[in-house]
Amino acid sequence: MATQTRKTLTSNSKAGKDLLAQINGEYEMSKSKGERKHQMFETIDNKIDNPEKVEKYLRSNLVKTNLEMLDATLYNETMEIVPQAKMSAYEDIAKKIKAAMENDYEEMELDKLKRRVVSHFNRYGCTVVMEEGFDRNRKVPKLITINPRSIYPDHDYLSYRRDRFLYIRTKYTKVQLISLGVSEADIKKLDITHRDTEDIDADRRGVSTIEVNTDGNPSYTMFWGFTYFNGKPYSVLVDDGFSVLAIAEELKAVTEEEKADPSLIKFPYVVFRAEEVEGDWFGYNDVELLIDKQDTEAELLN
């Protein structure tokens, strides 16, 4: 799997401006092709988490009941793979391997990760698991799941046999951006740009374009993700107005094949889907079939 290197591009360079334009275009393409699915995800969440928003759902819990049943069926707190020795001579080795696996399972909190994976998978039909870094205290990788509602992916991935890009809408505070190495000049530009883009469409803004916390540490809606630029893979962080390239770091090759051809470097995440669908990165989702049934049931009950 690829790692990041500190070779960067800046907002003011020609290459940086070209990259910003590319990211903006990829986002708009993803948003256009995935709009129906994002609206579907919002509908699903409202039926499960906020039924009071739509009064007729209060007397019908078909979607929520089925999801709870699926979560209970698929989720298991214990490890699903346990090493077994076929010969008595290897029993001691098998026990040591099992002990090491159990320690990693606990230290990496894989039970919590699995719970989130199952929840996203059942609710949205897919989920993404990504390595966020390394926990030096526990000495294990830090794995996170990404909520599909915040993802803007390459819906034509099947045609190209890989993701050409993927962006995640998220929020960063000023302190977090500084810790990531974002320059003070870019942060000042974020303050100006975000004030000037308060009327950007709600979907692009997320919750809000800029928020000031009580401690004076402002937070910004950003897009973090990955793309190929001039044949090379990059990890990027941009503002929601696509004018500030806060981070653009080239992913480093690991294998000899990747070193010879950087286009072979894969982005550092894994996607789990219920079923692949041409032109829809998120894939097939069982819950969609239940929505009309719940609406019909709600109409009959009200």
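Counting starts from 1 at the beginning of each chain's written sequence and moves along it residue by residue. Per-residue local features are limited, in this predicted model, to residues with pLDDT of at least 70; the limit for side-chain atom pairs, both in listing and counting, is 80 or more; totals at the level of whole chains, interfaces and linings are taken over all residues. Hydrogens and waters are ignored; side-chain quantities use all the structure's heavy atoms.

A. Representation of the packing of aromatic side chains in the model. For Phe, Tyr and Trp, where Trp contributes only its six-membered ring, two rings pair if their centres lie within 6.5 Å, and the inter-plane angle classes them as stacked under 30 degrees, edge-to-face over 60, or tilted in between. Across all of its chains, the model carries 15 aromatic pairs by this definition. Plain terms: the ring middles of tyrosine 152 and phenylalanine 223 are 5.8 Å apart, the flat faces sit at 75° to each other, and that makes the pair edge-to-face. Residue tyrosine 152 is found in strand β4 (residues 151–153), and its partner phenylalanine 223 is found in strand β7 (residues 218–229); the two are separated by 71 residues along the sequence. Relative accessibility decides the category of a residue: with a 1.4 Å probe and only protein chains considered, values under 20% of the type maximum give buried, values over 50% give exposed, and everything between is partly exposed. Residue classification places tyrosine 152 among the buried positions, given a relative accessible area of 1%. Between the aromatic rings of phenylalanine 229 and tyrosine 234, the centroid separation amounts to 6.2 Å while the plane-to-plane angle is 75°, which identifies the pairing as edge-to-face. For the pair phenylalanine 229 and tyrosine 234, a shared accessibility class is recorded, and that class is buried. Taken together, the ring pairs in this structure connect Trp224, Phe226, Tyr228, Phe267 and Tyr269 into an aromatic cluster. Ring-over charges, as used throughout, are those where CZ of Arg or NZ of Lys falls within 6 Å of the ring centre and within 35 degrees of the ring normal. Sitting over the face of the ring of tyrosine 160, arginine 164 holds its NZ or CZ atom 4.0 Å from the ring centroid. Residue placement shows arginine 273 over the ring face of tryptophan 281; its charged tip is 4.8 Å from the ring centre. Helix and strand definitions follow DSSP, with helices as H or I runs of at least four residues and strands as E runs of at least two, each counted in order from the N terminus.

B. Main features of the nonpolar core. Buried Ala, Val, Leu, Ile, Met, Phe, Trp, Tyr and Cys residues that are joined via side-chain atoms within 4.5 Å together make up what is termed a nonpolar core. Grouped together as the largest cluster of nonpolar side chains are 36 residues, with contacts concentrated most on Met130, Ile151, Leu177, Met222, Leu237 and Trp281. Broken down by element, this core gets its largest block of residues, 5 residues, from β7. Every residue pair with non-hydrogen atoms within 4.5 Å of one another is taken to be in contact. Residues contacting methionine 130, with those up to four places away along its chain left out, are Lys142, Leu143, Ile144, Ile146, Ile168, Trp224, Phe226, Pro268 and Tyr269. In terms of nonpolar packing, the next biggest core, distinct from the first, is built from 16 residues, Phe165, Val236, Val238 and Ala248 among them.

C. The arrangement of the environment of aspartate 261 in detail. Mapped onto the fold, aspartate 261 is located in the loop between α9 (256–260) and β10 (269–273). The spacing of aspartate 261 and lysine 232 is 29 residues in sequence and 8.8 Å in space, taken between C-alpha atoms.

D. A look at the pairing of strand β9 (residues 245–252). Among the 8 residues that make up β9, 7 are buried, leaving the element largely enclosed by the rest of the structure. Should DSSP find at least two bridges between two strands, the strands are regarded as paired. The antiparallel hairpin formed by strand β8 (residues 232–239) and β9 contains 5 residues in its connecting segment, where phenylalanine 242 sits at a positive phi of about 55°.

E. Structural context of the environment of threonine 227. Summarising the element assignment, threonine 227 is placed in strand β7. For this analysis, a polar contact is any N or O atom pair within 3.5 Å, provided that within protein one partner can donate a hydrogen and the other can accept it, and provided that sequence-adjacent residues contribute only side-chain to side-chain pairs. Only 3.1 Å separates the side chain of threonine 227 from the side chain of glutamine 22, close enough to count as a polar contact. Reaching out from threonine 227, the side chain makes a polar contact with the side chain of glutamate 26 at a distance of 3.0 Å.

F. Just the environment of isoleucine 178, in detail. Structurally, isoleucine 178 can be placed in helix α6 (residues 174–179). By relative accessible area, which is 43% here, isoleucine 178 ends up partly exposed. Those residues in contact with isoleucine 178 that sit more than four places away from it in its chain are Glu184 and Ile187.

G. Inspection of the pairing of β8 at higher detail. Of all 8 residues in β8, 7 are buried; the element is thus mostly enclosed. Relative to β8, β7 is paired through 8 bridges, and the arrangement is antiparallel. Note on β8: the bridge partner recorded for phenylalanine 223 is valine 238. Counting the residues that bridge the hairpin from β7 to β8 gives 2 residues, and of these asparagine 230 lies at a positive phi of roughly 55°. Judged from the 5 bridges that link them, β8 and β9 form a sheet pairing that is antiparallel. Each bridged residue has a counterpart across the sheet, and for serine 235 the counterpart in β9 is glutamate 249.

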